[in-house]
Amino acid sequence: MAPGPFGPGGKEGSMGLMKFICDTERCIACNGCVVACKEGNHVPVGINRRRVITINEGQPGERSISISCMHCSDPPCMAVCPAEAIYKRDDGIVLVNKDLCIGCGYCLLACPFGAPQFPKAGPFGARGVMDKCTFCAGGPAPTFSEKEKRLYGQNRIAEGKVPLCAGMCATKALLAGDAEVISKIYAERVAKRGSGLSPKIF
Amino acid sequence: MKKTLVGLFGLLFLAWGIEVLAEVLRNYGPLSPTDTFQEFAGTVLQDWPTRGREFLKLAPSFKRYFLMVVLALPALFFLHFLIFGPKRFSHQGRRVPYYGAFTRVLHWTAALCFVFLLFSGLSVLFAKDLGAGSLVRTLRFVHLLAGFGFFGAVLPLFLIWWKEMLPASYDLSWFLSLGGYLSREKKPVPAGKFNAGQKLWFWLATVGGVVMFYTGFYLYRFEASVSTLRVYLIIHNALALALTAFFLVHLYMTLFAVKGAFRSMINGYKPLEEIKYLHPKFLEDSAP
Amino acid sequence: MAGVANTWGYGAMTNHFNDIRHSKLIFFIGSNAAEAHPVALQHVLYAKEVNNAPVIVVDPRFTRLAAKATDYVRIRPGTDTAFLMGLINQLIVNDWYDKEFVQTRVAGFEELKKVAAHYTPEVVEDITGVPAKEVVRIAKLLADNRPGTVIWCMGITQHHIGSSNTRACCILQLMLGNMGVSGGGTNIFRGHDNVQGATDMCVLSHSLPGYYGLSEKAWRHWCKVWGVDFDWIKSRFHSKEYMHKPGFTLARWYEGVIQEDKIYQYTPIKAVVFWGCSSNSQSQYFKVKKALDQLELVVIIDPFATTTAAMCEKDNVYLLPSTSQYETEGSVTSSCRQAQWRYKVVDPVYDSKPDYEILKEFVKRFGFEDKFFKNIKEIPEDVTREIARGTLTIGLYGWLPERIKKHTDHWHTFDLFTLQAKGGPCDGEYYGLPWPCWTETHPGTPILYDISKPVAKGGLPFRARFGTEYTYPDGRKENLLAAEGVANPGSEVKGGYPEFPGWKTDINVIRQALKRGMAPFGNARARCYCWNFPDPVPVHREPLHSPRPDLIKKYPTYPDKPDFYRVYTRFKSEQKPELVKDFPLVLITGRVVEHMGGGAETRSNKYLAELMPEVYAEINPKTANDHGLREGDYVWVESPEGGRIKVKVKVTERVDPHTIFIPYSFGGMFMGKSYAGNYPEGLVPYAIGEPANIVVNYGYDIKTQIQGTKEGLCRLKRA
């Protein structure tokens, strides 16, 4: 496989595990990732697949991080879902099947990051089905179909592109792709920080 | 020999020194990434590392317990029926008015709603087996409506019955003999209008029902913190388990264990003989 | 820009964004680039991480940019010149300045030294609030880490001494010898994506396009370029006097309507056309509203129904929908003087018309279509060509549309660090042909005043704009041309030389100069002493509305300026020391990353409106507690002129206890009243709020009349 965000992968010829890393030294809380995701996937207002969280606001030590579904290796959401609507792909991306989802919300209670989002879609403000970051990999509907676009948003992974958020980040604080590849990029970045040496990929 | 030993130690020391230096250089800067992420953890994860993990252990286990209750209890009752059989009382003799018309309407409304609540609630836990999707989503909405219906019916029912449901001194001895249901004999048991078992069921269904309504309302709206909602869900499921178990008991008692009990709740009368044996204190209390 | 231009010739970002990657130190003053220029931050962070460059941020607020700083300096609003002069003084007093550079390429050093001597660290601490030790430490940092770059934005320019502020920044870099080198320069980040283009075309009231001014020579030059008769143009004016008289500025045009300050025009203004411009970005906004209510005609040409549309209550307003940038095409100029071609992506989607078409329709009806479009057959290419042909002052002659398009089409062939194309169809050229791009074959000038390269390859000396010799007030004479031996490689004259006569109007003069290896505009010294400025060397002057009456006495402002862009503008008469008693807090406004400009576009975007739905005031916890305010409360912010706005309270440590910050991008409400109903049907933005400019105080720069939004007083009242 060609090098890049989709890396050599764990097994020969297979895709590695997809992950996000947000470099808090570089994140300037511009929220570009948040808006790019919403615009590109036509997410309804009120749903935040991605958020920027800032600590120590206005004080030295102010830092920001961009958080979305982390596509955990052992997803707690998958473990508690009574409808078994959440599944994990071979490439590690965790997705929800909106046809199966019953909107009970157990996944939100299980998630450490608060990734599952629910629109107020039903009667008496009932929760609609769960929506969350798809790593821009669409969903269980046929790839590039109208249904996939409507329910889940873009499928950039199938096009060989990185998710919108990471692609949009100007300071390259947000990295997305094969865990091995981006860990290496990030580790090299941190190791060379302050040393006067430029990392291979800035 | 000495020289080689010294040289070896020197090399080891050097290696250790390089290791330390590398570690220091790796974390060059005022704050290492690990420290930064730990700073974020408090804000981002909040109480997930403790409460969240507990929740993860508990939440998936409820399906198991429900299955056990729903399968084991009926089996037990079937066994009981075979061994002890039902209590029969003559319906030819005098009948005493026991349940008013309004009371019966309330009871059956609450009962109907409760059945809907039970099935629609279980459909969430067993969603996978029902094919999930729009069926269960609809049932969730039914759960909401039935919840309001149940609450609306059980509240006046509570106001009507609560005095007669208060615990009495003889309730303990009723429990000790399990209301006489573990024998084929027809013996009078210490009970007023309602026996201790019925009282227990009443309080569970009403007070428990209020708790179910409260926690259920928040679980429907999700307008509380995730930490709170986790606690509410555990309470809701645990109480649901207790209510399901007791409901099955209630069903067995009223449909099988005491012949004619079902009809009593329809026409409002209980046969005098039944009262003499099963609710003797009721006659004393209501005697002119 | 006036301050920069008057120091060394051109007023624009001297290096380029990518060049910041070479900086060994980055000094931000009056800039919140993390929110106003987020994409540029990648270069800043590169320098910070790879070059280990200190990032110094000087700002009254601990902004999102300050969060990325290695050294943060909190400064009192409006005291930037004092701080900069303090740094300059340290460089001089400790001999840390670049002696060789100053001796060979700088004029007026002695005068600078005299004035700077006043700004000792103790004096600077008293004025700015920056500890004396910090002043010395920062100066040493600047001296030890070269080349360093100085970056600023509105925080430096939007003051009544904005021209002095910008000059002080320039002088700082001259002292450090950071000019004309990679990694150095004064990198002024412009605020909008084509404002440099607008500036170059002088969409302003005091000059014809290309900075030619309004003299007869200027008019004749452009008439020749346009192919139009000079006398016919003259006949369009009320009188010859008005042909050469600078008009009203964007900051004060409304005075031409309401005349609360005396105007110097034969008639009040009767009509205004807002063409791609918001009104709620103008200070003293309640006066703008008064003007809108008095005007006979208001025309708004914009893709969005702006705040202006809602503020017009009289039946005097017309909305002409223009297209967005995706539905039209043309060239745009970046902050760093590069040209890019914007291609049309889609035909106009709604009933809007491209600006060219709207203009054509107007011109047709005004009856001079044949004259207006004499040389224009193909729009916009012929327009670009005409601009190139006519703008010789900043060397746009090489900006042919074919060249610009070629660069945009092949932008991947240009080097990330030097902007130079390595092979490919643009080989050797610099991306976007940064001006001056003297001829059709010139590669562009990526770094201004870079004396190490031949002029024909992008090098440049300082401009000889102010003569060859000057006699200072104390009698000292100085040669203004560069020293012997200081010239670009290949220059016939191995030292300073005056400008070539006629270079501004004749391309052949330029070609001749280039052939001789010389710059058409001469080779001179940069000026520390600008004799054509009210303060030849920058000095501190207290803001008109200042919280320090004692300093008003020591550093008073200028005398009033009558007929200043046609309106009497108050300075001394407006400086009231007793104001601070009733208005104890300093008010500053600024940008936020979530919204842009007047906000009509961003507040109509549901996602951006979701991120920032309401206008708020940043208030320090101590100030909030003193006023009994809690997070989420509503508070009235009141200005000394009577403007008042109701905003939400945001309690934060970003501002200190004496300062309030309000983002300026909101509109649709006015002094507590909602004007949502005044928008055309269905066009109310998702987020509306009070324009902060209602309470921004009176105050304008002495040279450019830019509004002073970063200084002023206010008070808070619980709502």
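For clarity, every value in this text was computed on a predicted model and none was experimentally measured.

Engineer: Would you mind going over the overall build of chain A in detail, with residue names and values included?
Structural biologist: Along its length, chain A carries 6 helices and 6 strands. Each helix and strand of chain A, ordered N terminal to C terminal, gives the series β-α-β-β-α-β-β-α-α-α-β-α. The C-alpha atoms of chain A give 17 Å as radius of gyration, which agrees with the globular expectation for 202 residues (17 Å, within 12%). Across its three principal axes, chain A shows a C-alpha extent of roughly 60 × 45 × 30 Å. A total of 202 residues make up chain A; the buried ones form 53% of that total. Here the contacts in chain A between residues at least 6 apart in sequence split such that 52% fall between residues at least 24 apart.

Engineer: Mind laying out the interface of chain A and chain C, listing which residues take part and the relevant values?
Structural biologist: Often, the extent of an interface is quoted as the loss of accessible area upon association of its parts. The interface of chain A with chain C comprises 24 residues on the first partner and 26 residues on the second. If one sorts the elements of the side of chain A that touches chain C by residue count, helix α1 (residues 32–41) of chain A sits on top with 4 residues. Across the side of chain A that touches chain C, the residue classes tally to 8 nonpolar, 8 polar and 8 charged.

Engineer: Can you tell me about the domain arrangement of chain C, naming the residues and giving the values?
Structural biologist: Residues and elements named next belong to chain C. For chain C, the assigned domains read domain 1 (2–188) and domain 2 (549–718). One C-alpha centre belongs to domain 1, the other to domain 2; they are set 27 Å apart. Taken together, the contacts link 21 residues of domain 1 with 27 residues of domain 2. Mapped by element, the contributors of at least two residues to the side of domain 1 that touches domain 2 are α2 (33–36), α9 (154–157) and α10 (162–176). Class assignment of the residues belonging to the side of domain 1 that touches domain 2 gives a composition of 8 nonpolar, 10 polar and 3 charged.

Engineer: Residue-level account of the sheet that holds strand β9 (residues 317–321) of chain C, with values.
Structural biologist: All names here are of chain C. Overall, parallel pairing links the 3 strands, which are arranged β7-β8-β9 in an open sheet. The open sheet is flanked by β7 (271–275) and β9, the only strands paired with a single partner. With direction set aside, neighbouring strand axes in the sheet form an average angle of 10 degrees. In this sheet, strand β8 (residues 297–302) lies alongside β7 in parallel orientation, the contact comprising 5 bridges. In the strand pairing of β8, Ala-271 is matched with Leu-297.

Engineer: Could you give an account of unusual backbone geometry, naming the residues involved and the relevant values?
Structural biologist: Between Arg-146 of chain C and Pro-147 of chain C the backbone carries a cis peptide bond, its omega angle lying at 0 degrees. Checked against the element boundaries, Pro-147 of chain C lands in the loop between α8 (132–144) and β5 (148–152). Of note, the bond from Trp-435 of chain C into Pro-436 of chain C is cis; its omega dihedral lies within 30 degrees of zero at 5 degrees. You can see Pro-436 of chain C is positioned in the loop between α21 (401–409) and β12 (469–471). Unlike most non-glycine residues, Cys-136 of chain A shows phi in positive territory, near 50 degrees. Checked against the element boundaries, Cys-136 of chain A lands in the loop between α3 (106–110) and α4 (146–152). Look at Cys-136 of chain A and you get buried, because 27 C-beta atoms sit within 10 Å. Residue Met-671 of chain C is not a glycine yet carries a positive backbone phi of 50 degrees. Tracing the sequence through the fold places Met-671 of chain C in the loop between β22 (669–670) and β23 (673–674). Judged by the 17 C-beta atoms lying within 10 Å of it, Met-671 of chain C is partly exposed.

Engineer: Outline the arrangement of the chains, listing residues and values.
Structural biologist: Sorting the 2 pairs of chains in contact by contact count puts chains A and B at the top. The two units chain B and chain C never meet; even their closest C-alpha atoms stay 10 Å apart.

Engineer: Could you give an account of the sheet that holds strand β20 (residues 644–651) of chain C, with specific residues and numbers?
Structural biologist: Residues and elements named next belong to chain C. Within the closed barrel, the 6 strands sit side by side as β17-β21-β18-β20-β19-β24. Their pairing is mixed. Here the average twist between neighbouring strands, direction ignored, is 45 degrees. In terms of strand pairing, strand β19 (residues 634–638) meets β20 through 5 bridges, oriented antiparallel. By the bridge assignment for β20, Tyr-634 is matched with Lys-648.

Cut-offs applied
- Residues numbered from 1 in each chain as written.
- Chains lettered and ligands numbered in written order.
- Predicted model: local features only at pLDDT ≥ 70, side-chain atom pairs only at ≥ 80, totals over all residues.
- Helix = DSSP H or I, 4+ residues; strand = E, 2+ residues; numbered from the N terminus.
- Rg over C-alpha atoms; globule rule 2.2 N^0.38 Å.
- Buried ≥ 20, exposed ≤ 12 C-beta atoms within 10 Å, placed from the backbone.
- Contact = placed C-beta atoms within 7 Å.
- Nonpolar A, V, L, I, M, F, W, Y, C, P; charged D, E, K, R; others polar.
- Domains from an automatic or database assignment.
- Pairing = 2+ DSSP bridges.
- Axes fitted to C-alpha atoms, helices over the stretch in contact; angles between N-to-C directions.

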